[in-house]
Amino acid sequence: MNIQTLKVEESRINEVDASNIQFGKTYSDHMLIADYVDGQWQPAQIVPYDDISMSPATTFIHYGQSIFEGVKAYKNASGHVSIFRPADNWKRFNISAERMAMPHVPEEIFMDGMRQLVELDKDWVPSSDGSSLYIRPFMFATDAFIGVKPADCFRFMIITSPAGAYYNKPTRIYVQNKYVRAFPGGIGFTKAAGNYGACMLPTAEIRKLGYDQILWTDGYEHKYVQEIGTMNVFFVLGDKIITPDLSGGTILAGVTRDSVLKLLKQHGYVVEERPLTIEEIRESFYKGELKEAFGTGTAAVIAPIAELFYDGQTLDLPPVEQWEVSNWLKKELADIRYGRTADTHHWMYKVC
Ligand SMILES: *Cc1c(COP(=O)(O)O)cnc(C)c1O
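On a predicted model such as this, the values are computed, not experimentally measured, just so you know. Residues take numbers from 1 onward in each chain, read along the sequence in its written order. Local features in this predicted model are restricted to residues of pLDDT 70 or higher, and side-chain atom pairs are both shown and tallied only at a pLDDT of 80 or more, whereas totals for entire chains, interfaces and linings draw on every residue. Only hydrogens and water are set aside when side-chain values are computed; all heavy atoms of the structure are taken into account.

Draft legend 1. Up close: the pairing of strand β10 (residues 171-175). Throughout this description, buried means an accessible area under 20% of the type-specific maximum (1.4 Å probe, protein chains only), exposed means over 50%, and partly exposed covers the range between. Per the convention used, a helix needs a DSSP run of H or I reaching at least four residues, while a strand needs a run of E reaching at least two, with both numbered from the N terminus. For β10, a buried count of four out of five residues is recorded, marking the element as mostly surrounded by other parts of the structure. The pairing criterion is simple: DSSP has to find at least two bridges between the two strands. Note that β10 and strand β17 (residues 301-310) share four bridges and pair parallel. Looking at the pairing, I173 lines up with L308 of β17. Direction of pairing for β10 relative to strand β11 (residues 213-217): parallel, over a ladder of three bridges. Bridge pairing in β11 places V175 opposite L215. Each parallel crossover has a hand, and for β10 linked through helix α4 (residues 193-208) to β11 it is right-handed. When the strands point away from the viewer, a crossover counts as right-handed if the path from the first strand over the helix to the second runs clockwise.

Written out as structure tokens, the structure reads:
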């Protein structure tokens, strides 16, 4: 699909200090827009990055029909740009869309749109180790109508932002036993905007206590662990690697989570996807078997956990330098992304 493209007259790339990229504050030259009107997707367009204007009655502002994705593009040593598993994000985007009564975004718009946008702004993909171009596809309801009903009109957009390498300081985790993020039958498995708004206050409260992130637990008993902020979670207990299973619909099915599971299995590790209680983690800790714990997600990739605070007790993990599994995973994923090792799973989608 050839997308109508209006290019900037002059790129802003020279305004960017490549050695000090402020993630999420700088956006590449162009963005993609596609509108859904009268039951049909209108042709997508690529235009200069700019503000958008809308009616104050625009329905997503009031009722939250709004979803997003997070994807990354990488530049390898020979200057080629590839995107990590974008088709999986496309599929997940449409799962979110369905739950939020929004239209599916066709593959041509999501995939071709992303590829053409990234190719046009390829100079914005940083090349230093650990850096990437963060790609943010999103969709929101655009009816100018404040009655409560599923909207008829929607806008799909993609913006991109260069992301520098950052050191993942081991995080201090607060195991949440008061607030709830997701409940069976709810929207925990989607990247719907409201999920994140609802987590702001609980997160602000634990930050005041000196913690970085929340490990969410189930809403019935605060007994089973779910996930962390915007990351899935893995625990190395003895010789097993355990992550909560996705069956309850309360956990976001991370693309990084899936990649980690596939790499671990391929490498012969014993991996279990199953309900995991905080009690089991605590018992393993006291037996000296809690060896590693980490979050997985597109933004941080592998985020080691330094400590878990639960119900008045602190479980301190061993020093990260000694961790075999997560350090191996981190290197393996980076090697695939920067083209230093064979992409046997066909995860890299070549752009240019
Ligand atoms: C995005 C996200 C993740 C991680 O998913 P990835 O596809 O690996 O980036 C995990 N949990 C939540 C709640 C998320 O929003």
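That covers the picture; the talk isn't over yet.
Draft legend 2. Representation of the site of the ligand. Near residues are defined by distance, with any heavy atom within 4 Å of the molecule or strand qualifying the residue. Residues in contact with the ligand amount to 15 residues; listed here are only the nearest, K191, Y196, E227, T256 and T298. One nitrogen or oxygen atom from the side chain of E227 is found 2.5 Å from a nitrogen atom belonging to the ligand. At 2.6 Å, a side-chain N or O of T256 approaches an oxygen atom of the ligand. To measure how exposed things are, a 1.4 Å probe is used in the Shrake-Rupley method; for residues, cover is taken only from the protein chains shown. In the complex, the protein chains occlude 97% of the 380 Å² of accessible area that the ligand would expose alone. For the shell around the ligand, the per-class residue count stands at four nonpolar, seven polar and four charged. Under this definition, polar contacts are N or O atom pairs within 3.5 Å; protein pairs additionally need one hydrogen-donor-capable and one acceptor-capable atom, and for neighbouring residues in sequence, both atoms have to be side-chain atoms. Three residue categories are used. Nonpolar comprises Ala, Val, Leu, Ile, Met, Phe, Trp, Tyr, Cys and Pro, charged comprises Asp, Glu, Lys and Arg, and polar comprises the others, including Gly.

Draft legend 3. Looking closely at the domain arrangement of the chain. How far each domain reaches was decided by an automatic or database domain assignment. Domain annotation for the chain reports domain 1 (4-164) and domain 2 (171-337). Its C-alpha centre places domain 1 at a distance of 27 Å from the equivalent point of domain 2. Contacts between the two partners involve 18 residues from domain 1, matched on the other side by 20 residues from domain 2. The junction of domain 1 with domain 2 conceals about 1,700 Å² of combined surface from both sides, 62% of it contributed by carbon and sulfur atoms. Only one rule defines a salt bridge in this text: a Lys or Arg side-chain nitrogen within 4 Å of an Asp or Glu carboxyl oxygen. There are one salt bridge connecting domain 1 and domain 2. If you look at where domain 1 meets domain 2, you find eleven residue pairs in polar contact (both at pLDDT 80 or more). Contributing elements (two or more residues each) for the side of domain 1 that touches domain 2: β5 (66-68), β6 (71-75) and α2 (86-99). Among the elements that line the side of domain 1 that touches domain 2, the one with the most residues is α2, at six residues. When its residues are assigned to classes, the side of domain 1 that touches domain 2 shows eight nonpolar, four polar and six charged. Note on contacts: a residue pair is in contact if any heavy atoms of the two residues lie within 4.5 Å. Accessible area that two parts lose when put together, evaluated with a 1.4 Å probe and summed over both, is termed the buried area.

Draft legend 4. Broad picture of α2. Multiplying 1.5 Å by the helix residue count minus one yields the expected span of that helix. The terminal C-alpha atoms of α2 lie 20 Å apart, and with 14 residues this matches the ideal 20 Å at 1.5 Å per residue to within 8%. Considered for burial, the residues of α2 that qualify are P86, N89, W90, R92, F93, N94, S96 and A97. A101, located one to two residues past α2, shows a positive phi value of around 55°.

Draft legend 5. Spatial organisation of the side chain of T203. Topologically, T203 is positioned in helix α4. For T203, the contacting residues outside a window of four places in its chain are D212 and I214.

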